[in-house]
Amino acid sequence: MFPERTGYIIWVSDLKAARNLDKYGSVHYLSRRMHYVVMYVNADRAEDIMKNVRKLSYVRKIERSYRNEIKTEYSKNEPDKTQFYGM
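Not measured: the values here are computed from a predicted model.

So, how was this worked out
Residues numbered from 1 in each chain as written. Predicted model: local features only at pLDDT ≥ 70, side-chain atom pairs only at ≥ 80, totals over all residues. Heavy atoms only, no water. Helix = DSSP H or I, 4+ residues; strand = E, 2+ residues; numbered from the N terminus. Buried < 20%, exposed > 50% of the residue type's maximum accessible area, 1.4 Å probe, protein only. Areas by Shrake-Rupley, 256 points an atom, 1.4 Å probe, with all protein chains shown as cover. Lys, Arg positive; Asp, Glu negative; His and termini not counted. Charge placed at Lys NZ, Arg CZ, Asp CG, Glu CD. Contact = heavy atoms within 4.5 Å. Salt bridge = Lys/Arg side-chain N within 4 Å of Asp/Glu carboxyl O.

Visitor: Whenever I open this one, the overall build of the protein chain confuses me. Can you help?
Guide: A count of helices and strands for the protein chain gives two helices and four strands. Traced from its N-terminal end to its C-terminal end, the protein chain shows the element sequence β-α-β-β-α-β. Its C-alpha atoms give the protein chain principal-axis dimensions of about 55 × 35 × 20 Å. Within the protein chain, the fraction of its 87 residues that count as buried is 29%. With the model as given, the accessible surface of the protein chain reaches about 7400 Å², and the carbon-plus-sulfur share is 50%. Within the protein chain, one finds 17 positive and 11 negative side-chain charges whose respective centroids are separated by 8 Å.

Encoded structure:
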C-alpha cells in the first residue's frame, strides 16, 4: 500500500538553498544550527535521486539513515533485574 521509503541525512552549506531539496523528496527536518536536512525518498528511485542531489553546489555530504534496518521487536529472554534495585 505505501511505497518503501529510505531516509537520508544531507549536510549542507546554505540553508536557504536547502529548501529546494523538497522537489527531490519529502523533507522531514531541517536543522538551522547544525546545517543538515533529514529527507525521505522512495527506495526504488533513491540512488538516481541522490546522484542528482550530490551534484548540487550547497551539498557537502550525504549519509544514509539506517533507521528502518534497526530491530524494533524485542524479546524478554533475560530476567528483569530492576526488582533487585528496589528502594
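Visitor: Sorry, what's going on with the environment of Tyr58 here?
Guide: Relative to the helices and strands, Tyr58 resides in the loop between α2 (46-54) and β4 (59-64). Owing to a relative accessible area of 10%, Tyr58 belongs among the buried residues under this scheme. Counting along the chain gives 47 residues from Tyr58 to Trp11, while the straight-line C-alpha distance between them is 8.7 Å. The contacts of Tyr58, once residues within four sequence positions are left out, are Trp11, Val12, Ser13, Asp14, Ala17, Ala18, Asn20 and Leu21.

Visitor: Teacher, can you tell me more about the side chain of Ser31 here?
Guide: Along the chain, the position of Ser31 falls in strand β2 (residues 26-31). Overall, Ser31 belongs to the buried group, its relative accessible area being 5%. When residues no more than four places from it in sequence are discounted, the contact partners of Ser31 are Leu15 and Tyr36.

Visitor: Looking at this model, I keep getting lost on the pattern of salt bridges. Mind explaining?
Guide: As a working rule, side chains carrying opposite charge can pair if their charged atoms are close by. Taken as a whole and judged by the stated rule, the model has two salt bridges. Linking Lys61 and Glu63 is a salt bridge whose minimum nitrogen-to-oxygen distance equals 3.1 Å. Classification of Lys61 as partly exposed rests on a relative accessible area of 44%. Under the relative-accessibility criterion, Glu63 is labelled partly exposed at 30%. Across the salt bridge formed by Glu69 and Arg64, the nearest N and O atoms sit 3.0 Å from each other. Arg64 sits in the partly exposed class, given a relative accessible area of 34%.

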